[in-house]
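# Architecture at a glance
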Amino acid sequence: MNEILSQEKSIYIQIKEMIENDILREILLEEERVPSTNELARAYAINPATAAKGINLLVDEGILYKKRGIGMFVQAGAKKKIVEKRKKNFYDDYVKRLMAEAASLGITREELIGMIRETPSGK
């Protein structure tokens, strides 16, 4: 969690996404303790309540769980849940809009796939 907070979105959302990213990159593993709200507050010079709000979102999503008196830990299957959620968000946020725009331009699905295959990253 060596990322820098930005003004683009709420700090608690950024804290949530940083923890998710660390889980995806396997910096934080299943059943491993995550930094406490106080540790996050010190590291990023933020209010502990702001850090707690980001952590609590992950608890609500079943990504983290609390061990009473010990701290927050990564739930088993957390990485898979994050990947599934992000795939769905990618589809909803990008692919649906892309398909709608393509349709409005008269581009068929096959033509669009052909365009993607022609790009260097679409190998």
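Let me sum up the structure you'll find in this document. As the structure is a prediction and not an experimental result, all values here were calculated from the model.

### Re the packing of aromatic side chains
What the rule picks out here adds up to two aromatic pairs. Directly above the aromatic system of tyrosine 12 lies the positively charged group of lysine 53, at a separation of 4.2 Å from the ring centroid. Its guanidinium or amino end placed over the ring of phenylalanine 73, lysine 67 lies 4.4 Å from that ring's centre, counting from NZ or CZ.

### Focus on the side chain of aspartate 22
Tracing the backbone through its elements, the reader meets aspartate 22 in helix α1 (residues 11-24). The buried category is assigned to aspartate 22, whose relative accessible area is 1%. Polar side-chain contacts of aspartate 22 include one of 2.7 Å to the side chain of arginine 25.

### A closer look at the nonpolar core
Among the nonpolar cores identified, the biggest contains 19 residues, and Ile15, Ile19, Ile23, Leu40, Ile63, Leu64 and Val74 are the most heavily contacted of them. Mapped by element, the contributors of at least two residues to this core are α1, α2 (37-44), α3 (48-60), β2 (71-74) and α4 (78-104). A per-element tally of this core places α1 first, with four residues. Residue contacts for leucine 64: discarding those within four places in its chain leaves Ile19, Ile23, Val34, Ile55, Leu58, Val59, Phe73, Val74 and Gln75.

### Things to note about α4
Its 27 residues give α4 an end-to-end C-alpha distance of 38 Å, which sits within 8% of 39 Å, the value for a rise of 1.5 Å per residue. Most pronounced at tyrosine 91, the bend in α4 amounts to some 35 degrees. All buried positions along α4 are accounted for by Ala78, Ile82 and Ala102. In this structure, the buried residues of α4 make contact with α1, β2 and α5 (109-118). Remark: glycine 106 follows α4 within two positions and exhibits a positive phi of approximately 80 degrees.

### Comments concerning the packing of α1 against α3
Between α1 and α3, the least distance of the axes is 8 Å, while the angle of their chain directions is 50 degrees. The pairing of α1 with α3 is recorded here as oblique in orientation. Considering the relative orientation of α1 and α3, their crossing is right-handed. On α3, the residues that touch Ile11, Tyr12, Ile13, Ile15, Lys16, Ile19 and Glu20 of α1 are Thr50, Ala51, Lys53, Gly54, Ile55, Leu57 and Leu58. When its residues are assigned to classes, the contact of α1 with α3 shows nine nonpolar, two polar and three charged.

Conventions adopted
- Starting from 1, residues in each chain are numbered consecutively following that chain's sequence as written.
- It should be noted that, the model being predicted, local features are given only for residues of pLDDT at least 70 and side-chain atom pairs only at 80 or more, the latter also being counted only at that level, while totals for whole chains, interfaces and linings use all residues.
- Water and hydrogen atoms play no part in the side-chain values, which are based on all heavy atoms of the structure.
- Any Phe, Tyr or Trp ring, taking Trp's six-membered ring, that has another such ring centre within 6.5 Å forms a pair; planes under 30 degrees apart are called stacked, those over 60 apart edge-to-face, and the others tilted.
- A ring has a charge above it when a Lys NZ or an Arg CZ is no more than 6 Å from the ring centre and no more than 35 degrees off the ring normal.
- Strands are runs of DSSP state E lasting at least two residues, helices are runs of H or I lasting at least four, and both sets are numbered from the N terminus onward.
- For each residue, the accessible area found with a 1.4 Å probe, counting protein chains only, is set against the maximum for its type, and the residue is called buried under 20%, exposed over 50%, and partly exposed in between.
- Nitrogen and oxygen atoms within 3.5 Å of one another constitute a polar contact, given that in protein one can donate a hydrogen and the other can accept it, and given that sequence-neighbouring residues count only through two side-chain atoms.
- Take the buried residues of types Ala, Val, Leu, Ile, Met, Phe, Trp, Tyr and Cys, join any two whose side-chain atoms come within 4.5 Å, and each joined set is a nonpolar core.
- We call two residues contacting when some pair of their heavy atoms lies within 4.5 Å.
- Each residue after the first adds 1.5 Å to the expected span of a helix.
- The angle between axes fitted to the seven-residue stretch ending at a residue and the seven-residue stretch beginning at it gives the bend at that residue.
- Axes here refer to lines fitted to C-alpha atoms; in helices the fit is confined to the stretch in contact. Angles between the N-to-C directions go from 0 to 180 degrees.
- By definition in this entry, angles of less than 35 degrees are roughly parallel, angles greater than 145 are roughly antiparallel, angles of 65 to 115 are roughly perpendicular, and the rest are oblique.
- By the definition used in this description, the sense in which the near helix is turned from the far one sets the handedness, with an anticlockwise turn below a right angle giving left-handed and a clockwise turn giving right-handed.
- Put simply, Ala, Val, Leu, Ile, Met, Phe, Trp, Tyr, Cys and Pro go in the nonpolar bin, Asp, Glu, Lys and Arg in the charged bin, and everything else, Gly too, in the polar bin.

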